[in-house]
Amino acid sequence: MKATLLFSLALILIISGCKNNVPENADNTFPKPKNEATQVIKDGVFIHITQSYDDPHRVLMPLKMATLMAEDKDVIVYLDIHAVEFLVKEAKDIQYADFESAHTYIKMLQEKNVGVYACPACLKIAGFGPDDLIDGVQTAEKDKFFNFTQGRILTLDY
């Protein structure tokens, strides 16, 4: 009887000792070797702007958001409908309240390698073509909407 009791106590101590060696964050998966490179996949932010001179707040707020998000996210900016009006050479810049100007934000985005794209159909309807676009803006291509990030895509629509 004593031997059985001693054996049971020894078994309990062995099992509890093994349990203490398991990391607290263990989730029944094998850890990756420390020398294995892990790729960090960033989520993407797709910002869609339709407004122009009639509502400068709805133009500058998303451009500011794009600039801020580009610090640690993949970002793409798509402008269509009336927004193409201020994207062409000789267009008046948009300014409002405590924001930078629209053209300043576009330059900042270009410096951060953020794609800024204009709808080619909307550009044509407004009487312009791809050669009329200011530096830092390109005509949109559908593949760019999906290939700018490998993570999830969050859309902000203005």
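The structure this text deals with has already been given above.
Residues numbered from 1 in each chain as written. Predicted model: local features only at pLDDT ≥ 70, side-chain atom pairs only at ≥ 80, totals over all residues. Heavy atoms only, no water.

## Describing the overall build of the protein
No. 1: Along its length, the protein carries five helices and five strands.
No. 2: The linear arrangement of helices and strands in the protein, starting from the amino end, is α-β-α-β-α-β-α-β-α-β.
No. 3: Across the protein, the fraction of contacts at a sequence separation of at least 24, relative to all contacts at a separation of at least 6, is 74%.
No. 4: A total of about 11100 Å² of accessible surface is found on the protein, and carbon and sulfur atoms cover 54% of it. (Helix = DSSP H or I, 4+ residues; strand = E, 2+ residues; numbered from the N terminus. Contact = heavy atoms within 4.5 Å. Areas by Shrake-Rupley, 256 points an atom, 1.4 Å probe, with all protein chains shown as cover.)

## What about the pattern of salt bridges?
Side chains carrying opposite charge are able to pair once their charged atoms draw close together.
No. 1: Going through the model one piece at a time under the given rule, you end up with four salt bridges.
No. 2: We note a salt bridge from arginine 152 to aspartate 43, for which the minimum N-O separation is 2.6 Å. Placement of the pair is arginine 152 in the loop between helix 5 (144-147) and strand 5 (153-157) and aspartate 43 in the loop between helix 1 (2-20) and strand 1 (44-49), with a sequence separation of 109 residues.
No. 3: Its salt-bridge partner being arginine 58, residue aspartate 55 comes within 3.2 Å of it at the nearest N-O pair. (Salt bridge = Lys/Arg side-chain N within 4 Å of Asp/Glu carboxyl O.)

## Remarks on the nonpolar core
No. 1: In terms of nonpolar packing, the biggest core is built from 40 residues, with Leu60, Leu63, Val77, Leu79, Phe86, Leu87 and Val137 touching the most fellow members.
No. 2: Contributions of two or more residues to this core are made by strand 1, helix 2 (57-69), strand 2 (74-79), helix 3 (102-111), strand 3 (115-118) and helix 4 (120-125).
No. 3: Sorting elements by how many residues they give to this core places strand 2 first, with five residues.
No. 4: Among residues more than four places away in sequence, those in contact with leucine 87 are Leu79, Ile106, Ala118, Asp132, Leu133, Ile134 and Val137. (Core = buried A, V, L, I, M, F, W, Y, C linked by side-chain atoms within 4.5 Å. Buried < 20%, exposed > 50% of the residue type's maximum accessible area, 1.4 Å probe, protein only.)

## Quick look at the pairing of strand 1
No. 1: Counting buried residues along strand 1, six of its six residues qualify, which places the element largely inside the surrounding structure.
No. 2: The alternating pattern of strand 1 places Gly44, Phe46 and His48 on one face and Val45, Ile47 and Ile49 on the opposite face, and all of these are buried.
No. 3: Across six bridges, the pairing between strand 1 and strand 2 is parallel. Among the inter-strand pairings, valine 45 is bridged to a residue of strand 2, identified as valine 75.
No. 4: The handedness of the strand 1 to strand 2 crossover, carried by helix 2, is right-handed.
No. 5: Pairing geometry for strand 1 and strand 5, over five bridges, is parallel. Counted as the bridge partner of phenylalanine 46 is threonine 155 from strand 5. (Pairing = 2+ DSSP bridges. Right-handed = clockwise from strand over helix to strand, strands pointing away.)

## Concerning the environment of asparagine 147
No. 1: For asparagine 147, the position within the fold is in helix 5.
No. 2: Taking C-alpha positions, asparagine 147 is 9.9 Å from glycine 44, a pair spaced 103 residues apart along the chain.

## Some points on the sheet that holds strand 4 (residues 138-139)
No. 1: Taking strand neighbours across the sheet as the criterion, the five strands line up as 4-3-2-1-5 in an open arrangement whose pairing is parallel. Each of the sheet's edge strands pairs with one partner strand only, and the pair in question is strand 4 and strand 5.
No. 2: Across the sheet, helix 2 touches strand 1, strand 2 and strand 5, and the angle it forms with strand 1 is around 165 degrees. (Axes fitted to C-alpha atoms, helices over the stretch in contact; angles between N-to-C directions.)

## A look at the packing of helix 2 against helix 3
No. 1: Contact geometry of helix 2 with helix 3 gives a least axis separation of 10 Å together with a crossing angle of 20 degrees. The angle between helix 2 and helix 3 falls in the class roughly parallel. Of the two possible hands of crossing, helix 2 and helix 3 adopt the one that is left-handed. Judged by residue contacts, Val59, Leu60, Leu63, Lys64, Ala66 and Thr67 of helix 2 engage Ala102, Tyr105, Met108 and Leu109 from helix 3.
No. 2: Here the residues of the contact of helix 2 with helix 3 are counted per class, giving eight nonpolar, one polar and one charged. (Parallel < 35°, antiparallel > 145°, perpendicular 65-115°, else oblique. Left-handed = near helix turned anticlockwise from the far one by under 90°. Nonpolar A, V, L, I, M, F, W, Y, C, P; charged D, E, K, R; others polar.)

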